Amino acid sequence: MTDRTRYEALLESTEAIAARAAQTLCSMQGRALDVSRKELRDVVTAADLASERLVLEGLRALTPGAAILSEEAGASGPAGGPRWIVDPLDGTVNYAAALPWFSVTLAYQEEDRTRVGVVHAPMVGIIARFAEGGIATVNGRDARVSTCSSLSNAVVSVILTSHFTDAECARAAEAVRRLGMSARGVRIIVSGGLEMTLVADGQLDAYVSLKADAVSHAAAMPLVRAAGGRITGLDGRDSTDDDLERVTSNGILHDELLACLEGL
């Protein structure tokens, strides 16, 4: 079996795990959920933990030798080999408020590179699929970034969330101010995997995260690049899973976007 065939087969099984987790989240949303404080004003709910249990059980059965890095459970399994990077509920604050902007994100990596990725956002009807060498789709369509060529015509999302310190809030607010003076529209959604998927599908022209994390983004980063987009730090260097800042765009307006955010 070639790597391409193996990754496509793994994608199918990964999709099934993500779909079960998404179904669990949908069935629990709107119920009275135990909500616990995490970092600053951020929260974790019973639904996060239920989805995570299902995801971890499924992935361990699917790839018994792979390590897993998960949003709530942290890291487990052997270092140095294949691993999963997962967020079983990306967008918890939205979810707890009965808003639809949340997703399940699952990324399988070999040699520190995402080979398979799924982003499943059930309440907005979006499923993104990536398998290296063969598949990069959103709802069955080939992923394609927008053709927007000017920031003045662009719609950009920015992360501003409850686990930010005062300084981080001020920095993100300054990004919003600058973009608000330059772009057609600025949106705050706060579900990174979903937002990257929207860039890959051409629905958003760009997405800015000044406090990034791997669990939200790992599944969607290769999808954006396969769709023709670009993901860098504020310095213009291609972003990796370890970076704390990510600027994602359709690529065409990326340099103008970086110039707008220069010095943040």
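Further up the page is the structure itself.
Keep in mind the model is a prediction, meaning the values are calculated, not measured.

Asker: Sorry if this is basic, but what is going on with the environment of histidine 120 here?
Answerer: Inspection of the secondary structure assignment puts histidine 120 in strand β7 (residues 113-121). On the basis of relative accessibility, which here comes to 13%, the residue histidine 120 falls in the buried class.

Asker: For this particular structure, what's the right way to read the sheet that holds strand β9 (residues 135-138)?
Answerer: The sheet built from 8 strands is open, its strands ordered β4-β3-β5-β6-β7-β8-β9-β10 with mixed pairing. Looking at strand neighbours, the two that pair on one side only are β4 (74-76) and β10 (141-142), the edges of this open sheet. Note: strand β8 (residues 126-131) against β9, 4 bridges, orientation antiparallel. What sits directly across from phenylalanine 130, in β9, is alanine 136. In this fold helix α1 (residues 3-28) packs onto β5 (83-90), β6 (103-110), β7, β8 and β9, with an angle of close to 30 degrees to the strand it touches most, β7.

Asker: I would appreciate a short explanation of the sheet that holds strand β12 (residues 185-187) in the present structure.
Answerer: Strand pairing in a sheet relies on backbone hydrogen bonds. The paired strands run either parallel or antiparallel. With mixed pairing, the 5 strands of this open sheet are ordered in space as β12-β11-β13-β15-β14. At either margin of the open sheet sits one strand with a lone partner, and together these are β12 and β14 (230-232). When the angles between neighbouring strand axes are averaged without regard to direction, this sheet yields 15 degrees. Pairing analysis gives 3 bridges linking β14 to strand β15 (residues 246-249), with the strands arranged antiparallel. Looking at β15, one finds that arginine 230 is bridged to serine 249. On the sheet, helix α4 (residues 166-182) packs against β11 (155-158), β12 and β13 (206-209) and is oriented at approximately 175 degrees with respect to β11. Against the sheet, helix α5 (residues 192-200) engages β11, β13, β14 and β15, with an angle of about 150 degrees to β13.

Asker: Whenever I open this one, the packing of aromatic side chains confuses me. Can you help?
Answerer: Geometrically, a pair of aromatic rings is defined through the distance of the ring centres and the angle of the planes. Here the structure, examined in full by the defined rule, presents 2 aromatic pairs. Each ring, one from tyrosine 95 and one from phenylalanine 102, has its centre 5.0 Å from the other, and the planes form 90 degrees; the classification is edge-to-face. No difference in accessibility class separates tyrosine 95 from phenylalanine 102, as the two residues are buried.

Asker: For this particular structure, what's the right way to read the pattern of salt bridges?
Answerer: Opposite charge on two side chains makes pairing possible when the charged atoms of those side chains draw close. Within this structure, the stated rule accounts for 15 salt bridges. One salt bridge connects glutamate 168 with lysine 211, and the closest N-O pair in it is separated by 3.2 Å. Taken together, the residues span a long stretch of sequence, with glutamate 168 in helix α4 and lysine 211 in the loop between β13 and α6 (214-217) at a distance of 43 residues. With relative accessibility at 25%, the residue glutamate 168 sits in the partly exposed group. With a closest N to O distance of 2.9 Å, glutamate 174 and arginine 178 form a salt bridge. Of this pair, glutamate 174 and arginine 178 both sit in helix α4, separated by 4 residues, roughly a single helical turn. You can call glutamate 174 partly exposed: its relative accessible area is 24%. A network of salt bridges, in which partner residues are shared, links Glu111, Arg113, Arg115 and Glu132.

Rules and cut-offs
Residues numbered from 1 in each chain as written. Predicted model: local features only at pLDDT ≥ 70, side-chain atom pairs only at ≥ 80, totals over all residues. Heavy atoms only, no water. Helix = DSSP H or I, 4+ residues; strand = E, 2+ residues; numbered from the N terminus. Buried < 20%, exposed > 50% of the residue type's maximum accessible area, 1.4 Å probe, protein only. Pairing = 2+ DSSP bridges. Contact = heavy atoms within 4.5 Å. Axes fitted to C-alpha atoms, helices over the stretch in contact; angles between N-to-C directions. Phe/Tyr/Trp six-rings, centres within 6.5 Å; stacked < 30°, edge-to-face > 60°. Salt bridge = Lys/Arg side-chain N within 4 Å of Asp/Glu carboxyl O.

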